[in-house]
Amino acid sequence: MRREGPSEAQREPLRTDFEFELPRGYVDESGTVHRRGAMRLATARDELVPLRDVRVRENPAYLSVVLLGRVLTRLGTLPAVHDGTVENMFASDLAFLQDFYRQINAEGHTRAAVACPHCAESFEVELAGSRLGES
């Protein structure tokens, strides 16, 4: 039987939704720019279902578009976000979202332990930064 140590018992609750701000922003049909949004953690199903998509089978590069369309929960004032939204984003915003997806799904958070190069003191930094895209 595994016992919880003091640090495990005091862990913060699992965070499943992460806010971001796109570098350029998605421009909708009316010309409104949407920059702030949220992405949830991916499930195994999120990563498996797109593999059955015909568009992904024909063009494997389309996988990230379909996958991001599943995990984006909010973007500006859009009523819904889906793969059609993602495929109409600027390339720089798509690259940002791909990186953000990797960051939040790698270990469940966007913090990393680092050490100061001058004094060697250890601390945590938020990889997403206060202005996302400037990690």
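See above for the structure.
Residues numbered from 1 in each chain as written. Predicted model: local features only at pLDDT ≥ 70, side-chain atom pairs only at ≥ 80, totals over all residues. Heavy atoms only, no water.

Student: Describe the nonpolar core, naming the residues involved and giving the relevant values.
Tutor: Note on soluble globular proteins: their nonpolar side chains tend to be buried together. One finds Phe 20, Met 39, Leu 72, Leu 75 and Leu 97 to be the most contacted residues of the largest nonpolar core, which totals 24 residues. Within the residue set of this core, elements represented by two or more residues are β1 (17-27), α4 (63-71), β3 (72-75) and α6 (91-107). With near-sequence residues (within four places) excluded, Met 39 lies in contact with Thr 16, Asp 17, Phe 18, Phe 20, Leu 68, Val 71, Leu 72, Thr 73, Leu 97, Phe 100, Tyr 101 and Ile 104. (Core = buried A, V, L, I, M, F, W, Y, C linked by side-chain atoms within 4.5 Å. Buried < 20%, exposed > 50% of the residue type's maximum accessible area, 1.4 Å probe, protein only. Helix = DSSP H or I, 4+ residues; strand = E, 2+ residues; numbered from the N terminus. Contact = heavy atoms within 4.5 Å.)

Student: Quick one: what's the story with the pairing of strand β2 (residues 33-40), residue by residue and with numbers?
Tutor: Note: β1 against β2, seven bridges, orientation antiparallel. Bridging from a neighbouring strand, Tyr 26 pairs with His 34 of β2. Taking the residues between adjacent antiparallel strands as the criterion, β1 and β2 are bridged by five residues, where Gly 31 takes a positive phi near 90°. One ladder, built from three bridges, connects β2 with β3; its direction is antiparallel. Bridging from a neighbouring strand, Gly 37 pairs with Leu 75 of β3. (Pairing = 2+ DSSP bridges.)

Student: Lay out the sheet that holds β2 in plain terms, naming residues and giving numbers.
Tutor: If you trace the three strands from one edge of the open sheet to the other, you get β1-β2-β3, paired in antiparallel fashion. Sheet topology places β1 and β3 at the edges, where each strand pairs with a single neighbour. Between one strand axis and the next, the sheet turns by 25° as a mean value, whatever way the strands run. (Axes fitted to C-alpha atoms, helices over the stretch in contact; angles between N-to-C directions.)

Student: An account of unusual backbone geometry is needed here, citing residue identities and associated values.
Tutor: Glycine aside, negative phi is the norm for most residues, and most peptide bonds take the trans geometry. A positive phi angle, close to 65°, is found at Ala 120, a residue other than glycine. Here Ala 120 lies in the loop between β4 (111-115) and β5 (122-126). Under the relative-accessibility criterion, Ala 120 is labelled exposed at 56%.

Student: Now, about the environment of Ala 91: what can you tell me, with residues and values included?
Tutor: Along the chain, Ala 91 turns up in helix α6. Looking at Ala 91, the relative accessible area reads 62%, which means it is exposed. For Ala 91 and Arg 24, which are 67 residues apart along the polypeptide, the C-alpha to C-alpha distance reads 9.5 Å.

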